[in-house]
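Structural overview
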Amino acid sequence: MAKRTSYFPELKRNWWLKHPYFKKYMAREATVLPLVFFLLCLLAGLYSLLQGAESWQGWLTFMQSPLVIAVNALAFIASLFHAWTFFQLFPRVMPLRAGGRTLPPNLMVLGQWFGVVVVMVLAAWIFMRGL
Amino acid sequence: MNKGTSLNNDASENMRRSDEPIWWGLFSAGGVCFAVFVPAAILFIALLIPAGIVGPDALRFERAHSMVFSLPGLIFIGMVICLPLFHAAHRIRHGLHDLKLGTEHLNKVATYGGAALLSVLALVGFAIGIL
């Protein structure tokens, strides 16, 4: 076997800092970090709910601490950024056809944002009913 | 001798069924949940209620208990905790690869294993609560 002589440039660890497009890509990858924090908060809440009213009150107080609110605010922004990138994929992966014509991608993106708003209205109803 | 065919035979003998479609499917499903359901969950549970904008009674113990340990509660755990966990695991796995950290196998076991472990923890917590 001939020795491979083609040139393979070595990829450095900071390759993604060199172009805005790659930075955006890595920012999207990083959206899951504050998400994981929020999910761990929910798991802690589930188990404090199992341990009784006092423990649950402790979790509610934990959720009120400024640092926790700050990280969760970041998670909220990250989830919207993720949604913005994710919704653009749907028309490309699965173009919908209606009446022999492909639906405009913008309309599909808008439809998905409408879904987010509907879920928020539903959440408002769930959390605020009877208050 | 037909070189192309023999190469193909070699390839098919060595080919094992890939598990990637499973992880890809969980990543996509989790991505939809992260985009559509998680923003509302963060907004109410981690921002509006802790900040006191939505009434403090919204998550009082009895109310939270009956909300979580019910069929809608199980759907909530699946769509807002378990699936987003696998979405996060996939992105962390590929993020580690992009930063040239760890090894393929170790990262895969750690990320998907972590998501599976936390999902089981959530489902066990739910099961304890309804029993």
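Residues numbered from 1 in each chain as written. Chains lettered and ligands numbered in written order. Predicted model: local features only at pLDDT ≥ 70, side-chain atom pairs only at ≥ 80, totals over all residues. Heavy atoms only, no water.

What counts here: UniProt positions are given in the numbering used here, feature names are shortened, and annotations may be inferred rather than shown by experiment.
Chain B goes by Fumarate reductase subunit D in an unreviewed UniProt entry, where it is assigned to Vreelandella rituensis. In its Subunit (unreviewed entry) section, the UniProt record describing chain B reads: "Part of an enzyme complex containing four subunits: a flavoprotein (FrdA), an iron-sulfur protein (FrdB), and two hydrophobic anchor proteins (FrdC and FrdD)." Taken verbatim from the UniProt record of chain B, the Function (unreviewed entry) comment is "Anchors the catalytic components of the fumarate reductase complex to the cell membrane, binds quinones."

Per an unreviewed UniProt entry, chain A goes by the name Fumarate reductase subunit C and belongs to Vreelandella rituensis.

1. Considering the overall build of chain B
Our working definition: Comment: elements are numbered from the N terminus, with helices defined as DSSP H or I runs of at least four residues and strands as E runs of at least two. Contacts are assigned to residue pairs that have any heavy atoms within 4.5 Å of one another. For the accessible areas, the method is Shrake-Rupley and the probe is 1.4 Å, while residue cover comes only from the protein chains on display.
The helix and strand inventory of chain B stands at six helices and zero strands. Considering only intrachain contacts with a sequence separation of at least 6, the fraction spanning at least 24 residues in chain B is 70%. Surface accessibility of chain B: about 7,100 Å² in total, with carbon and sulfur atoms responsible for 70%.

2. As for the interface of chain A and chain B
Convention followed: Defined here as a combined quantity, buried area equals the accessible surface (1.4 Å probe) lost by two parts on assembly, summed across both. Only one rule defines a salt bridge in this text: a Lys or Arg side-chain nitrogen within 4 Å of an Asp or Glu carboxyl oxygen.
Listed per partner, the contact involves 54 residues of chain A and 57 residues of chain B. Taken together, the two surfaces of chain A and chain B that pack against each other cover about 4,700 Å², and 79% of this comes from carbon and sulfur. At the junction of chain A and chain B, the tally comes to one salt bridge. For Arg91 of chain B, the salt bridge is made with Glu29 of chain A, and the minimal N-O distance between the two is 3.4 Å. Within the residue set of the side of chain A that touches chain B, elements represented by two or more residues are helix 1 (20–30), helix 2 (32–50), helix 3 (53–64), helix 4 (66–93) and helix 5 (105–128) of chain A.

3. Some details on the UniProt feature "transmembrane region" (unreviewed entry) in chain A
Residues and elements named next belong to chain A. Those places that UniProt annotates as "transmembrane region" (unreviewed entry) correspond, in this numbering, to residues 68–87 and 107–128. Secondary structure across residues 68–87 comprises 100% helix and 0% strand; the distance between its end C-alpha atoms is 28 Å. Annotated as 100% helix and 0% strand, the span residues 107–128 places its first and last C-alpha atoms 31 Å apart.

4. Some points on the nonpolar core
Formally: Side-chain atoms within 4.5 Å link the members of a nonpolar core, which is a set of buried Ala, Val, Leu, Ile, Met, Phe, Trp, Tyr and Cys residues. Think of it in three bands: residues with accessible area under 20% of the maximum for their type are buried, residues over 50% are exposed, and the middle band is partly exposed, with areas taken using a 1.4 Å probe on protein chains only.
Formed by 56 residues in total, the largest nonpolar core has its most connected members in Phe38 and Trp56 of chain A together with Ile42 and Leu59 of chain B. Tallying contributions element by element places helix 3 (residues 38–48) of chain B first for this core, with 10 residues. Those residues in contact with Leu59 of chain B, other than ones at most four positions away along the chain, are Trp56, Leu60 and Phe127 of chain A together with Ile45, Ile49 and Ala64 of chain B.

5. Quick word on the pattern of salt bridges
Residues and elements named next belong to chain B. Throughout the structure, instances matching the rule amount to four salt bridges over all chains. A salt bridge links Asp19 to Lys108; the shortest N-O distance between them is 3.0 Å. You can see Asp19 sitting in the loop between helix 1 (3–14) and helix 2 (20–36) and its partner Lys108 sitting in helix 6 (residues 104–130), a full 89 residues away along the chain. We classify Lys108 as partly exposed; its relative accessible area is 22%.

6. Examining the UniProt feature "transmembrane region" (unreviewed entry) in chain B
All names here are of chain B. UniProt's feature table lists "transmembrane region" (unreviewed entry) at residues 21–49, 69–88 and 109–130, given in the numbering used throughout. Helix makes up 90% of residues 69–88 and strand 0%, whereas the separation of the span's terminal C-alpha atoms amounts to 25 Å. Secondary structure across residues 109–130 comprises 100% helix and 0% strand; the distance between its end C-alpha atoms is 31 Å.

7. Remarks on unusual backbone geometry
You will see that Lys100 of chain B, though not glycine, has its phi angle at about 60°, which is positive. By the element assignment, Lys100 of chain B lies in the loop between helix 5 (71–98) and helix 6.

8. Quick word on the packing of aromatic side chains
Condition: Stacked, tilted and edge-to-face are the three classes assigned to paired rings of Phe, Tyr and Trp, where Trp is represented by its six-membered ring and a pair needs centres within 6.5 Å; plane angles under 30 degrees give stacked, over 60 edge-to-face, the rest tilted.
Per the counting criterion, the structure on display carries nine aromatic pairs over all chains. With a centroid separation of 6.3 Å and 70° between ring planes, the pair formed by Tyr21 of chain A and Phe22 of chain A is classed as edge-to-face. According to the relative accessible area criterion, Tyr21 of chain A is exposed, its value standing at 59%. Ring geometry for Phe127 of chain A versus Phe44 of chain B: centroids 5.6 Å apart, planes at 10°, classification stacked. Of this pair, Phe127 of chain A sits in helix 5 while Phe44 of chain B sits in helix 3, placing the two residues on different chains. The class for Phe127 of chain A is buried, based on a relative accessible area of 9%. With a relative accessible area of 5%, Phe44 of chain B lands in the buried category.

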